[in-house]
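# Reading the structure
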Amino acid sequence: MEIESGGRKYSYSDTLLDSEEGQVIEAFRAANQQPYPDPAGWLDAEALPANVLLTTVDRVINWSRYRALWPVAFGLACCAIEMMCTAASRFDIARFGMEVFRASPRQADLLIIAGTLSWKMAPWLRRVYDQMPEPKWVLAMGACGTSGGIFKGSYSVVPGFNLVLPVDVYVPGCPPRPEALLDACIKIHEKIQKDRIVRKGGSQ
Ligand code: SF4
């Protein structure tokens, strides 16, 4: 075989090239006859118990759910100002992994209804709830959500959100302070942690 490089010609014997290549392969093969040690070998018998965690499927699923609740905000009146404050730096709802307020109900699993619900608005609240995927939870904020609050008896105000949809936790107050809303969020967390998914054969 002839190879031209830099204006010069070099001649090689095919047999010689094959032989040299064979020697390289044989040397590599000879040097790789022992398997590499298992990278998990450091997990000796003593360290193993400290690195194994036993739990249940329910706990793992519930943990992932309550640690990443994504609220859809439904601010209707004065209570919504306190809800916004809860998401700001002083009260910092991000501490609970809940700062991702979604504009779309399809990306949310917690509906925080903050304010006075009129019968005119009620069908649209119900629509937002219906558009949320399962499992989902509802938090009613303020006296208006519990009973209509100071508007109870008004022809136009829904006297309690539970006439329109199922409510998981009520937050009393007019308006409730941000700490009360955070406390209600923790109540929702506790409720989620008690959910039995496997035994029930599927959640909710
Ligand atoms: S509960 Fe009070 S603060 Fe909240 S929306 Fe009703 S009237 Fe406003």
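No experiment lies behind these values; they were computed from the predicted model shown.

Right, let's get into the site of the ligand. Ala77, Cys78, Cys79, Gly115, Thr116, Gly142, Ala143, Cys144, Phe151, Gly173, Cys174 and Pro175 make up every residue found near the ligand. Its residues placed into classes, the shell around the ligand shows 8 nonpolar, 4 polar and no charged.

Let us now look at the nonpolar core. In this structure, Leu69, Met83, Leu110, Leu139, Leu181 and Ile188 are the most contacted members of the largest nonpolar core, which totals 22 residues. Listed by contribution, the elements that provide at least two residues to this core are α3 (79-87), β4 (110-114), β5 (137-141), β6 (169-171) and α6 (178-193). If sequence neighbours within four positions are ignored, Leu69 has contacts with Gly97, Met98, Asp109, Leu110, Trp137, Ile188, His189 and Ile192. Judged by nonpolar contacts, the second largest core, of 18 residues, contains Val72, Ile113, Ala140 and Leu165.

Take α3 next. Every buried residue of α3 is accounted for by Cys79, Ala80, Met83 and Thr86. Seen from one end, α3 has its buried residues packed into an arc of 110°, which puts them on one side. Every exposed residue of α3 that faces more than 90 degrees away from the buried side is listed here: Ile81 and Met84. Summarising the contacts, the buried residues of α3 are in contact with β3 (71-75), β4, β5 and α6.

Spanning 18 residues, helix α1 (residues 14-31) covers 26 Å between terminal C-alpha atoms, matching the ideal 26 Å at 1.5 Å per step. The buried fraction of α1 is low, at 0 of 18 residues.

Turning our eyes to something else, we now look at the packing of helix α2 (residues 57-66) against α6. Packing of α2 against α6 leaves a shortest axis separation of 9 Å and a crossing angle of 160°. It follows from the interaxial angle that α2 and α6 lie roughly antiparallel. Relative to α6, the crossing made by α2 is right-handed. Residues Asn62, Arg65 and Tyr66 of α2 pack against His189, Ile192 and Gln193 of α6. Here the residues of the contact of α2 with α6 are counted per class, giving 2 nonpolar, 3 polar and 1 charged.

Okay, unusual backbone geometry next. For the peptide bond that leads from Glu134 to Pro135, omega is -5°, which places it in the cis range. Among the secondary structure elements, Pro135 is positioned in the loop between α4 (122-131) and β5. Of the consecutive residues Cys174 and Pro175, the connecting peptide bond is found in the cis state with omega at -5°. Along the chain, the position of Pro175 falls in the loop between β6 and α6. Here Asp92, not a glycine, exhibits a phi torsion of approximately 55°, which is positive. Topologically, Asp92 is positioned in the loop between α3 and β4. The exposure class of Asp92 is partly exposed, given its relative accessible area of 27%.

A pair of packed helices is captured by two measures, namely the crossing angle of their axes and the spacing between those axes. Packing of α3 against α6 brings their axes to within 9 Å, and their N-to-C directions diverge by 75°. In terms of their interaxial angle, α3 and α6 are classed as roughly perpendicular. Within the contact between the two elements, α3 uses Glu82, Met83, Cys85 and Thr86 and α6 uses Pro178, Leu181 and Leu182. Taken together, the residues of the contact of α3 with α6 sort by class into 5 nonpolar, 1 polar and 1 charged.

The rules behind each value
Residues numbered from 1 in each chain as written. Predicted model: local features only at pLDDT ≥ 70, side-chain atom pairs only at ≥ 80, totals over all residues. Heavy atoms only, no water. Near = heavy atom within 4 Å. Nonpolar A, V, L, I, M, F, W, Y, C, P; charged D, E, K, R; others polar. Core = buried A, V, L, I, M, F, W, Y, C linked by side-chain atoms within 4.5 Å. Buried < 20%, exposed > 50% of the residue type's maximum accessible area, 1.4 Å probe, protein only. Helix = DSSP H or I, 4+ residues; strand = E, 2+ residues; numbered from the N terminus. Contact = heavy atoms within 4.5 Å. Arc of directions from axis to C-beta. Expected span 1.5 Å × (residues − 1). Axes fitted to C-alpha atoms, helices over the stretch in contact; angles between N-to-C directions. Parallel < 35°, antiparallel > 145°, perpendicular 65-115°, else oblique. Left-handed = near helix turned anticlockwise from the far one by under 90°.

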